[in-house]
Amino acid sequence: MLFALICKDKPGNLQVRLDTRPAHVVFIEGLNSEGKLAFAGPFLDADGKPNGTLAVIEAPDMAAARALAAADPYAKAELFESVEIRPWNWTFNKPAAS
C-alpha cells in the first residue's frame with residue numbers, strides 16, 4: 001500500500017535540513033533500493049529554498065509507514081514541525097511496472 005508523507009519543516013531550520021541531508025539521502029536511497037520508495041522531494045519556499053518534504057512510500061500498513069517516517073534522519077533531527085501520513089492511490093501517470 002502507498003502512503004504519502006507530507007512534512008513541513010519548523011521555521012528557521014534550514015541549517016538543520018542542510019546538515020542532516022547527507023544522512024537523509026542515504027536513508028532515501030536505501031528505501032529506493034528496497035523497493036519502498038515511489039518518489040520523494042522537497043517542497044520549496046518563495047525563494048526556492050527547501051521547507052518541507054513530500055515522499056510516497058510503500059508499506060504494508062499505517063504502523064509500518066509511521067515507523068519508516070520516524071526512521072528518517074530528518075525526523076530524528078526534529079526538523080519537522082508536522083508530518084501527515086495518508087494512504088494514497090497512484091491513479092494517473094503511474095510508471096509501468098518493469
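Look up a bit, the structure's there.
Overview of the structure. (Residues numbered from 1 in each chain as written. Predicted model: local features only at pLDDT ≥ 70, side-chain atom pairs only at ≥ 80, totals over all residues. Heavy atoms only, no water.)

### Overview of the nonpolar core
So, point 1. By size, the foremost hydrophobic cluster in this structure holds 17 residues, and its most contacted members are Phe3, Leu5, Leu31, Ile57, Ala65 and Ile85.
So, point 2. Elements with a contribution of two residues or more to this core: strand E1 (2–9), helix H1 (14–33), strand E3 (50–58), helix H2 (62–71) and strand E4 (80–88).
So, point 3. Once residues within four sequence positions are removed from consideration, Leu5 is found in contact with Thr53, Leu54, Ala55, Ile57, Ala69, Glu84 and Ile85. (Core = buried A, V, L, I, M, F, W, Y, C linked by side-chain atoms within 4.5 Å. Buried < 20%, exposed > 50% of the residue type's maximum accessible area, 1.4 Å probe, protein only. Helix = DSSP H or I, 4+ residues; strand = E, 2+ residues; numbered from the N terminus. Contact = heavy atoms within 4.5 Å.)

### A look at the pairing of strand E2 (residues 37–44)
So, point 1. Pairing between E2 and E3: seven bridges, direction antiparallel. When the sheet's bridge partners are listed, Pro42 is paired in E3 with Thr53.
So, point 2. Connecting the antiparallel pair E2 and E3 is a turn made up of five residues, with Gly48 showing a positive phi of about 80 degrees. (Pairing = 2+ DSSP bridges.)

### Topic: the packing of aromatic side chains
Ring pairs (aromatic) are described by centroid distance and by the angle formed between their planes.
So, point 1. In the structure shown here, the tally under the stated rule is four aromatic pairs.
So, point 2. Residues Tyr74 and Phe80 carry aromatic rings whose centres are separated by 6.1 Å and whose planes lie at 90 degrees to one another, so their mutual orientation is edge-to-face.
So, point 3. Given a relative accessible area of 2%, Tyr74 falls into the buried group.
So, point 4. Ring geometry for Trp88 versus Trp90: centroids 5.6 Å apart, planes at 50 degrees, classification tilted.
So, point 5. What makes Trp90 buried here is its relative accessible area of 18%.
So, point 6. One aromatic cluster is present, formed by Phe39, Trp88 and Trp90 through successive ring pairs. (Phe/Tyr/Trp six-rings, centres within 6.5 Å; stacked < 30°, edge-to-face > 60°.)

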